[in-house]
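Structural overview for review
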Amino acid sequence: MVSDLAALVRERQPCVVLTGAGISTESGIPDFRSPSGIWAEYDPMEYGTIAAFRRDPVKVWEFYALRFQMLSTAEPNAGHLALADLEHRGLVEAVVTQNVDGLHQRAGSRAVVEVHGSIRSASCLECGERVPLEDVVAALQDAPAPPCPHCGAVLKPDVVMFGELLPAAAIGRAVELARQAGVLLVVGSSLEVQPVAGLPAETVAAGGAVAIVNRGATPFDHLAAIRIEAGAGETLSALARVS
Ligand code: APR
């Protein structure tokens, strides 16, 4: 199967990769919808929506403080490194990621489109001041919800919460990449969340092929020319080896 995937990637250039939380679980970061995922422990309606954040920023910041702690100690894994290697060898054009952990960039990927934002900074809901992660982590030592250093209002992590629009430039670029892709390789995503889950159909509508590497079914498996039920790290490492 991996050799079939390598042939598809080679024959159907350019290859664009779409990743989800499943590529980072091997770095110790839980995903969202696995039985052991985040939303099994935390109710997304209480911790994952912009309404919940505005209602009780301290409660949502407690959740994010835990995530920041976990993400700050995570390292890129074999899956991230394989994608960076494939990009450097001209076989992957870009990575569109739903992840906010920054691990693709730390692995060496250069063309990374973060469609759900990142934990790299937080911004003030009132004045728009942007504060880097290290300053937010420092502020969290003194206050459960870090205040804006400029106007004192509450800061919000620069990650997309349910009920928020995605960064227009990022999702616009992601759709453009999906439409131009000869093959869209989906790795480690349940493809449950729109508008990102609509990207495979964009590729197919524009004449491209879709491949899915994921543990567990997705609603778009029927669009996949190749579907591999296996770990992201092992599969992408094998793909890089045979390509
Ligand atoms: N290898 C392959 N697949 C894996 C691995 C792994 N090592 N670990 C987990 N998976 C699979 C899971 O079985 C699941 O099908 O990856 C998928 C991850 O799906 P989700 O947890 O739904 O994550 P994701 O698709 O990225 O969620 C999209 O939802 O909550 C929002 O904003 C959040 O960006 C996130 C979005």
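Values in this document were obtained by computation on a predicted structure and should not be read as measured data. (Residues numbered from 1 in each chain as written. Predicted model: local features only at pLDDT ≥ 70, side-chain atom pairs only at ≥ 80, totals over all residues. Heavy atoms only, no water.)

Moving on to the pairing of strand β1 (residues 15-19). Counting buried positions along β1 gives five out of five residues, so the element sits mostly inside the fold. Side chains C15, V17 and T19 project from β1 onto one buried face, and the interleaved V16 and L18 project onto a second face that is buried too. By the bridge criterion, five bridges tie β1 to strand β7 (residues 183-187) in an arrangement that is parallel. In the strand pairing of β7, L18 is matched with V186. Sheet analysis places β1 next to strand β2 (residues 94-97), joined by four bridges and oriented parallel. Each residue of the ladder has a partner; that of V17, found in β2, is V95. (Buried < 20%, exposed > 50% of the residue type's maximum accessible area, 1.4 Å probe, protein only. Helix = DSSP H or I, 4+ residues; strand = E, 2+ residues; numbered from the N terminus. Pairing = 2+ DSSP bridges.)

Bringing the domain arrangement of the chain into the picture now. When the domains of the chain are assigned, the result is domain 1 (1-28 + 76-116 + 166-243) and domain 2 (30-73 + 119-159). Each side of the interface is counted separately: domain 1 has 13 residues, and domain 2 has eleven residues. Our count for the contact surface shared by domain 1 and domain 2 stands at one salt bridge. Residue R120 pairs with E114 through a salt bridge whose shortest N-O separation is 3.0 Å. Its residues placed into classes, the side of domain 1 that touches domain 2 shows three nonpolar, seven polar and three charged. (Domains from an automatic or database assignment. Contact = heavy atoms within 4.5 Å. Salt bridge = Lys/Arg side-chain N within 4 Å of Asp/Glu carboxyl O. Nonpolar A, V, L, I, M, F, W, Y, C, P; charged D, E, K, R; others polar.)

What follows covers the site of the ligand. Close to the ligand lie 22 residues; E26, R33, S189, S190 and R215 are nearest. In this structure, an oxygen atom belonging to the ligand sits 2.8 Å away from a main-chain N or O atom of A21. For the ligand, the accessible surface in isolation is 740 Å², of which the surrounding protein chains cover 91%. For the ligand, the cavity whose grid points lie within 2 Å of the majority of its atoms is the largest pocket. (Near = heavy atom within 4 Å. Polar contact = N/O pair within 3.5 Å; in protein donor to acceptor, adjacent residues only side chain to side chain. Areas by Shrake-Rupley, 256 points an atom, 1.4 Å probe, with all protein chains shown as cover. 1 Å grid on protein atoms, 1.4 Å probe; cavity = no way out; pocket = protein on both sides within 12 Å on 5 of 7 lines; lining within 4 Å. Sits in = over half its atoms within 2 Å of the grid points.)

Right, let's talk about the nonpolar core for a bit. Ranked by size, the top nonpolar core spans 30 residues in total, and within it W61, F63, Y64, F68, I119, V136 and L155 carry the most contacts. The set of elements that each furnish at least two residues to this core consists of α2 (38-41), α4 (50-55), α5 (57-73), β4 (117-124), α8 (133-142) and β6 (155-159). Counting residues per element, this core draws most heavily on α5, at six residues. Excluding residues within four positions of it along the chain, F68 makes contact with W61, I119, L133, V136, V137, L140 and P157. (Core = buried A, V, L, I, M, F, W, Y, C linked by side-chain atoms within 4.5 Å.)

Here we take up the pattern of salt bridges. For side chains bearing opposite charge, pairing can occur when the charged atoms are close. Summed over all chains, the structure comprises eleven salt bridges. The partner of R179 in a salt bridge is E202, with the nearest N and O atoms 2.8 Å apart. Taken together, the residues span a long stretch of sequence, with R179 in helix α9 (residues 168-180) and E202 in helix α10 (residues 199-205) at a distance of 23 residues. Overall, R179 belongs to the partly exposed group, its relative accessible area being 47%.

This next bit is on the state of the cysteines. What the rule picks out here adds up to zero disulfides. Cysteine C124 shares no disulfide, and the gap to the nearest cysteine sulfur, in C151, comes to 3.5 Å. (Disulfide = S-S within 2.5 Å.)

Once that is clear, we can look at helix α11 (residues 232-242). For α11, the tally of buried residues reaches eight of eleven residues, placing the bulk of the element in the interior. Among the residues of α11, those classed as buried are A232, G233, T235, L236, S237, A238, L239 and A240. On its buried face, α11 sits against α1 (2-11), α6 (78-88), β7, β8 (209-213) and β9 (224-228).

Structurally, S118 is set in strand β4. At a separation of 2.9 Å, a polar atom in the side chain of S118 contacts the main-chain amide nitrogen of R120. If sequence neighbours within four positions are ignored, S118 has contacts with V100, D158 and V159.

The next thing to look at is the sheet that holds β4. Strand order across the open sheet formed by three strands is β5-β4-β6, with antiparallel pairing between neighbours. Edge positions in the sheet fall to β5 (130-132) and β6, since each has one partner strand and no second. For this sheet, the mean inter-axis angle between neighbouring strands, taken without regard to orientation, is 40°. Note: β4 against β5, three bridges, orientation antiparallel. The residue bridging A122 from the neighbouring strand is V131, located in β5. (Axes fitted to C-alpha atoms, helices over the stretch in contact; angles between N-to-C directions.)

A separate point is the environment of E134. If you trace the backbone, E134 turns up in helix α8. Residues E134 and R120, spaced 14 residues apart in sequence, show a C-alpha to C-alpha distance of 8.4 Å.

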